[in-house]
Amino acid sequence: QVQLVESGGGLVQAGGSLRLSCTASGRIFSINDMGWYRQAPGKQRDWVAVFTNGIIIKYADSVKGRFTISRDNAKNTVYLQMNSLKPEDTAVYYCRYSDYEGGDYWGQGTQVTVSS
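All of these numbers come straight from a predicted model, not from anything done at the bench. (Residues numbered from 1 in each chain as written. Predicted model: local features only at pLDDT ≥ 70, side-chain atom pairs only at ≥ 80, totals over all residues. Heavy atoms only, no water.)

### Section: the environment of Q39
- Note on placement: Q39 falls in strand β4 (residues 32–39).
- Given the relative accessible area of 27%, Q39 is considered partly exposed.
- Taking C-alpha positions, Q39 is 8.5 Å from T90, a pair spaced 51 residues apart along the chain.
- If sequence neighbours within four positions are ignored, Q39 has contacts with Q44, R45, A91, V92 and Y94. (Helix = DSSP H or I, 4+ residues; strand = E, 2+ residues; numbered from the N terminus. Buried < 20%, exposed > 50% of the residue type's maximum accessible area, 1.4 Å probe, protein only. Contact = heavy atoms within 4.5 Å.)

In structure tokens, the structure reads:
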């Protein structure tokens, strides 16, 4: 089992910044995929930024140049620095961990609201 604890969401004005954190604990494998997804009201959950194979970074086109994903392996923590936030970034942001032993876990989600 893997537990994911997210923090850092909140309310911010357009153009502002937020930093999300996700700390994993439990049965964690060194080679894993870990990253951030989001779900806006009435829409499907989409990926935002992820590490694949532990080192390859991918960003959704909608956040390229504005969001930065990073990780601290010693702390089993992944961060999402979000700059130049837009109202359309408003969503519940979820952290996800998956590994090549079949593990696939989600955090509880953290709300990000960007006002215009």
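### Side note on the sheet that holds strand β1 (residues 2–7)
- Judged by pairing direction, the sheet is antiparallel, and its 4 strands sit side by side in the order β1-β3-β8-β7 without closing on themselves. Sheet topology places β1 and β7 (67–72) at the edges, where each strand pairs with a single neighbour. Across the sheet, the mean angle from the axis of one strand to that of its neighbour is 15°, orientation sign disregarded.
- Bridge count for β1 against strand β3 (residues 18–26) is 6 bridges, and the pairing is antiparallel. When the bridges of β3 are listed, E6 appears paired with C22. (Pairing = 2+ DSSP bridges. Axes fitted to C-alpha atoms, helices over the stretch in contact; angles between N-to-C directions.)

### Considering the state of the cysteines
- Considering all chains together, one arrives at 1 disulfide under this definition.
- Here C22 pairs with C95 through a disulfide, and the sulfurs are 2.0 Å apart. The S-S bond linking C22 to C95 shows a torsion near -80°; that makes this disulfide left-handed. With C22 in strand β3 and C95 in strand β9 (residues 91–99), this residue pair connects regions lying 73 residues apart in the sequence. (Disulfide = S-S within 2.5 Å.)

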